[in-house]
Amino acid sequence: MTTQTQHFHPLHIALHWLMALMIPALFGVGLWMTGLDYYSSWYKTAPNLHKSFGILLALLLVSRLVAIRLFGKPATLGSGWQQKAAVLAHALLYALLLAIIVSGYLISTADNRGIPVFGLFEVPGFGEFFPEQADIAGTAHFYLAWALIVLVVLHAGAALKHHFVDKDNTLTRMLGRRNAAASSLDKTEI
């Protein structure tokens, strides 16, 4: 096992695309459910699903960080400034996800109730840690989610730029495809 490979481990790829599907979905559902009124049939169901999928996203995030630690990840492609920008963007993506998860937890547990997760288990709540916790955390959650979506769009745009303009294999590596040059480099690392 090497810490720098030329391709992503299949677990990286699976976790990346699961999170890529969940993040915009959670964002969209989050915006939609804030407009629901008390008489909507989704008034309780939507927030419970949002919280359950949020906990699932937290588990995927932890799994992704563990996978990076266990399997390493390929070096970033591009020039020096592009590599620095990619490292910064990935760090921001992880930091924003963590902050959104923590703020969501603080919103949901401010009343000292736990978070039921798909009816399978419950994440315990510890009540308010500071005055007006639910409101403050709710505002933070909203703006952090918007910042994450902007960064996700930039991330996707950069991947497409690498693919169509630079014509390198940044995107194809995350799709699980290997080119002949990358495969031969992998064999020399063993």
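These notes cover the structure that comes with them.

About the criteria used
Residues numbered from 1 in each chain as written. Predicted model: local features only at pLDDT ≥ 70, side-chain atom pairs only at ≥ 80, totals over all residues. Heavy atoms only, no water. Helix = DSSP H or I, 4+ residues; strand = E, 2+ residues; numbered from the N terminus. Buried < 20%, exposed > 50% of the residue type's maximum accessible area, 1.4 Å probe, protein only. Areas by Shrake-Rupley, 256 points an atom, 1.4 Å probe, with all protein chains shown as cover. Lys, Arg positive; Asp, Glu negative; His and termini not counted. Charge placed at Lys NZ, Arg CZ, Asp CG, Glu CD. Expected span 1.5 Å × (residues − 1). Contact = heavy atoms within 4.5 Å. Axes fitted to C-alpha atoms, helices over the stretch in contact; angles between N-to-C directions. Parallel < 35°, antiparallel > 145°, perpendicular 65-115°, else oblique. Left-handed = near helix turned anticlockwise from the far one by under 90°. Nonpolar A, V, L, I, M, F, W, Y, C, P; charged D, E, K, R; others polar. Patch = residues over 30% accessible without salt bridge, like charges linked within 9 Å, V, L, I, M, F, W, Y side chains within 5 Å. Salt bridge = Lys/Arg side-chain N within 4 Å of Asp/Glu carboxyl O. Phe/Tyr/Trp six-rings, centres within 6.5 Å; stacked < 30°, edge-to-face > 60°.

Quick look at the overall build of the chain
Each helix and strand counted, the chain has 6 helices and 2 strands in total. For the chain, the sequential pattern of α-helices and β-strands runs α-α-α-β-β-α-α-α. A principal-axis box enclosing the C-alpha atoms of the chain has dimensions of 60 × 30 × 30 Å. When each of the 190 residues of the chain is scored for burial, the buried share is 35%. Split by element, the accessible area of the chain, about 11800 Å² in all, is 70% carbon and sulfur. Of the side-chain charges in the chain, 13 are positive and 10 negative, and the distance between the mean point of each set is 14 Å.

Considerations on helix α1 (residues 10–33)
When the terminal C-alpha atoms of α1 are compared, their 34 Å separation across 24 residues agrees well with the 34 Å that a helix rising 1.5 Å per residue should span. Residues of α1 that are buried include every one of H12, I13, L15, H16, M19, M22, I23, L26, F27, G30 and M33, and no others. As for α1, its buried residues are in contact with α2 (45–71), α3 (80–109), α4 (133–166) and α5 (170–174).

Structural notes on the side chain of H12
With respect to the helices and strands, H12 occurs in helix α1. Using a relative accessible area of 3% as the deciding quantity, one classes H12 as buried. Setting aside residues up to four positions removed in sequence, H12 forms contacts with R64, A67, I68, F71, G72, K73 and M174.

A short note on the packing of α3 against α4
Here α3 crosses α4 at 150°, and the two axes come no closer than 8 Å. Taken as axis vectors, α3 and α4 run roughly antiparallel relative to one another. Crossing geometry of α3 relative to α4 is assigned as left-handed. Taken together, the residues that form the contact of α3 with α4 break down as 17 nonpolar, 10 polar and 2 charged.

Quick notes on a nonpolar patch on the surface
A cluster of nonpolar side chains, contributed by V29, W32, W42, L49, F53, L56, L59, F118, L120 and F121, occupies part of the molecular surface with about 930 Å² of accessible area. Only α1 and α2 provide two or more residues apiece to the nonpolar patch. Sort the elements by how many residues they give to the nonpolar patch and α2 lands first, with 4 residues. Residue classification places F53 among the partly exposed residues on the basis of a relative accessible area of 34%.

Section: the packing of α1 against α4
Axis separation between α1 and α4 bottoms out at 11 Å; the angle between their running directions is 135°. It follows that α1 is oblique to α4 by the angle criterion. As α1 runs across α4, the sense of the crossing is left-handed. Every residue of α4 that contacts α1 at H16, I23, P24, F27 and L31 is listed here: F142, A145, W146, L148, I149, V152 and H155.

As for the packing of aromatic side chains
If you walk through the whole model with that rule in mind, you get 6 aromatic pairs. Taken together, a centroid distance of 5.1 Å and an interplanar angle of 85° make the contact between F142 and Y143 edge-to-face. Assessed through its relative accessible area of 38%, F142 is described here as partly exposed. The exposed category is assigned to Y143, whose relative accessible area is 56%. Each member of the aromatic cluster is reached from another via a ring pair, and the members are Y38, Y39 and Y43.

Fair warning: the whole summary comes from geometry, so function is off the table for now.
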